[in-house]
Amino acid sequence: IATHQLLPEDNINVVVRVRPLSNREIKSGDESGVQFPGNGQIHCDGIPNSGDKKPKLFSYNVVFEPAASQEDILQYSGVKKLIEMAVEGFSCTAFCYGQTGSGKTHTLTGPPGLFNGKNPYSEGHGLVFRSFVYLFKILQERQDCNFVLRASFLEIYNEKVIDLLNPGTSRKPLAVRWSKKIRGFFVENLFTVECEELDDLLAVLEEGMRNRSVGSHNMNDHSSRSHTILTVHITSEQQMENGVFISKQGKINFVDLAGSEMTKKTQSEGKTLEEANNINKSLMVLGYCIASLSDGKKKAGHIPYRDSKLTKLLADSLAGNGVSLMIACISPARSNASETINTLRYAARAKKI
Ligand code: ADP
Ligand code: MG
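Sequence order sets the numbering: in each chain, residues are counted from 1 along the sequence as written. Chains carry letters and ligands carry numbers; both start at the beginning, A for chains and 1 for ligands, and go up in the order they are written. A pLDDT threshold of at least 70 governs which residues receive local features in this predicted model, and a stricter bar of 80 or more applies before side-chain atom pairs are shown or counted, although totals over entire chains, interfaces and linings include all residues. Only hydrogens and water are set aside; all other atoms, that is, all heavy atoms of the structure, feed into the side-chain values.

K.L.:
Please explain empty space enclosed by the protein as it appears in this structure.
P.N.:
To find leftover empty space, one rolls a probe the size of a water molecule over the atoms. Lining residues are those with an atom within 4 Å of a point, where the points come from a 1 Å grid over the protein atoms alone and group into cavities, where a 1.4 Å probe fits but cannot get out, or pockets, open sets with protein on both sides within 12 Å along at least five of seven lines. Grid points are joined across faces, edges and corners, and a volume is the space filled by probe spheres set on the points. Scanning the entire structure with this criterion turns up two cavities of 30 Å³ or more. The volume enclosed by the largest cavity comes to roughly 50 Å³. Along its surface, the largest cavity is lined by Gly-33, Val-34, Cys-44, Asp-45, Gly-46, Ser-331, Pro-332, Ala-333, Arg-334, Ala-337 and Thr-340. When residue character is reported, Ala, Val, Leu, Ile, Met, Phe, Trp, Tyr, Cys and Pro are called nonpolar, Asp, Glu, Lys and Arg charged, and the others, Gly included, polar. Of the residues in the lining of the largest cavity, the class split is five nonpolar, four polar and two charged. Reported here for the second largest cavity is a volume of approximately 40 Å³. Lining the second largest cavity, in full, are Val-87, Arg-142, Cys-145, Ser-236, Gln-238, Ile-246 and Lys-248. Within the residue set of the lining of the second largest cavity, elements represented by two or more residues are β12 (227-239) and β13 (245-256). A per-class count over the lining of the second largest cavity returns three nonpolar, two polar and two charged. Put simply, DSSP H or I for four residues or longer makes a helix, DSSP E for two residues or longer makes a strand, and each gets a number counted from the N terminus.

K.L.:
Where do I start with the sheet that holds strand β2 (residues 34-38) in this structure?
P.N.:
The strands making up a sheet associate through hydrogen bonds between their backbones, and the pairing can be parallel or antiparallel. Pairing between strands is defined by DSSP: at least two bridges between the two strands are required. Reading across from one edge, β2-β3-β4 is the order of the three strands in this open sheet, with antiparallel pairing throughout. Each edge of the open sheet is held by one strand with a lone partner, namely β2 and β4 (56-59). In this sheet, neighbouring strand axes are inclined to one another by 25° on average, regardless of whether the strands run parallel or antiparallel. In the sheet, β2 pairs with strand β3 (residues 41-44) via three bridges, with the strands oriented antiparallel. Looking across to β3, one finds that Gly-38 is bridged to Gln-41. In the packing of helix α12 (residues 337-351) onto the sheet, the strands contacted are β3 and β4, and the crossing angle to β4 comes to about 40°. All axes here are fitted lines through C-alpha atoms, helices being fitted over the stretch that makes contact, and every angle between N-to-C directions spans 0 to 180 degrees. Any two residues whose heavy atoms approach within 4.5 Å at even a single point are treated as in contact.

K.L.:
Could you clarify how one ought to interpret unusual backbone geometry in this entry?
P.N.:
Leaving glycine aside, a negative phi is the common case for residues, and trans is the common case for peptide bonds. We note that Arg-183 has phi near 50°; this positive angle belongs to a residue other than glycine. Its identity is not glycine, yet Asn-189 carries a phi of approximately 65°, on the positive side. Owing to a relative accessible area of 65%, Asn-189 belongs among the exposed residues under this scheme. Buried residues are those whose accessible area, probed at 1.4 Å on protein chains only, stays under 20% of the maximum for their type, while exposed residues exceed 50% and partly exposed ones sit between those limits.

K.L.:
Sorry if this is basic, but what is going on with the packing of aromatic side chains here?
P.N.:
Here a ring pair, both rings aromatic, is described through the centre-centre distance and the interplanar angle of the planes. Only Phe, Tyr and Trp rings take part, Trp by its six-membered ring, and two of them pair if their centres are within 6.5 Å. Stacked means planes under 30 degrees apart, edge-to-face means over 60, and tilted covers everything else. Evaluated as defined, the whole model comprises four aromatic pairs. On the numbers, 3.9 Å between centres and 10° between planes, the contact of Tyr-97 with Tyr-346 is stacked. Linking Tyr-97 in strand β6 (residues 91-97) with Tyr-346 in helix α12, this pair joins segments that are 249 residues apart in sequence. Tyr-346 matches Tyr-97 in its accessibility class, with the two residues each being buried. A centroid spacing of 5.1 Å and a plane angle of 75° characterise the contact between Trp-178 and Phe-185, whose relative ring orientation is edge-to-face.

K.L.:
Teacher, can you tell me more about helix α9 (residues 281-294) here?
P.N.:
For an α-helix, 3.6 residues make a turn, and residues three or four places apart therefore share a direction. Multiplying 1.5 Å by the residue count of a helix minus one yields the expected span of that helix. Over its 14 residues, α9 extends 20 Å from the first C-alpha to the last, a length consistent with the 20 Å expected when each residue adds 1.5 Å. Counting buried positions over the 14 residues of α9 gives 12, a clear majority of the element. Those residues of α9 not exposed but buried are Lys-281, Ser-282, Leu-283, Met-284, Val-285, Leu-286, Gly-287, Cys-289, Ile-290, Ser-292, Leu-293 and Ser-294.

K.L.:
Quick question: what am I supposed to make of the pattern of salt bridges here?
P.N.:
By definition here, a salt bridge exists when the distance from a side-chain nitrogen of Lys or Arg to a carboxyl oxygen of Asp or Glu is within 4 Å. Taken as a whole, this structure holds 14 salt bridges when the rule is applied. Between Asp-256 and Arg-212 there is a salt bridge, with its nearest N and O atoms 3.6 Å apart. In this pair, Asp-256 sits in strand β13 while Arg-212 sits in helix α6 (residues 198-214), placing the two residues 44 residues apart along the sequence. Judged by relative accessible area, which is 5%, Asp-256 ranks as buried.

Structure (structure tokens):
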């Protein structure tokens, strides 16, 4: 099967989502410093009271304005294509990048308290929920194949991998190892749940989110420093006319990254990459990998996937035979302009991959 022919032109699709101003921002007199000229562009005022007051214009595949709904993100971000490709056997990743409070978790999972089977499909549900619904819709249409779905949900905190489906009382970290057989990295002893119905996948989402908050004393600080990866492995088996079975192994990762301000924090504390373990090595290395991949010259050479847990686990979808979607989340507030511009630059660089 000539899978490479199915690859889209770009390995990575980059979209930006701008959240609305919060009530707190409005109350404190903050204003929006971004405008939307259309065509995937975003215009950003300079940084007030800084040496960088010059306005900037960036362009991406799509820009979602504050009024965009959760359903718009499913329909227009390109995630549906990713899900279709995962069903076809590719390794795919959708990840949210941005400073703490920019809307990453809102975009992926929606506000808390939506689950418990109470609200089967409400306006608030995030991209993961909607993607699951879409995945099952596709699978039901594909009567020619047998599918097996397995899901896992993990967290990387302080370069330690914790199983969010089976954290254990000691939250003992799991090892990331290289497998010759799959020619990729995997997490040893990670709990994976076979999911026959939509409700099984939703239970995985709910259980993982619950365990994420249970293990932390200060949820805000914890979630700004941790990455979560929810993975759905899709195995399909199809019998060809000549009786031969073709089996494909695809997957889709949904990644809620640590707050992007964490990398700067690492640097400002004067730490080297080795010392940065305690703050956020994974996020820094992801930046290096994206920079290397987007630099045409380096693309052929060394990409430092092996330098962090996160990039090991995402390597197959960032490079080679994989496809990724980056959702850069930003706040429109002038008071956040500096972080917003950092995020927009990072996203613009990723677009060149
Ligand atoms: P992050 O995960 O990036 O730290 P959150 O997703 O927790 O940020 O969002 C911060 C706050 O902003 C939350 O209260 C969230 O509900 C709200 N929020 C984020 N994006 C939106 C949006 N598009 N519409 C409405 N509220 C949003
Ligand atoms: Mg969050």
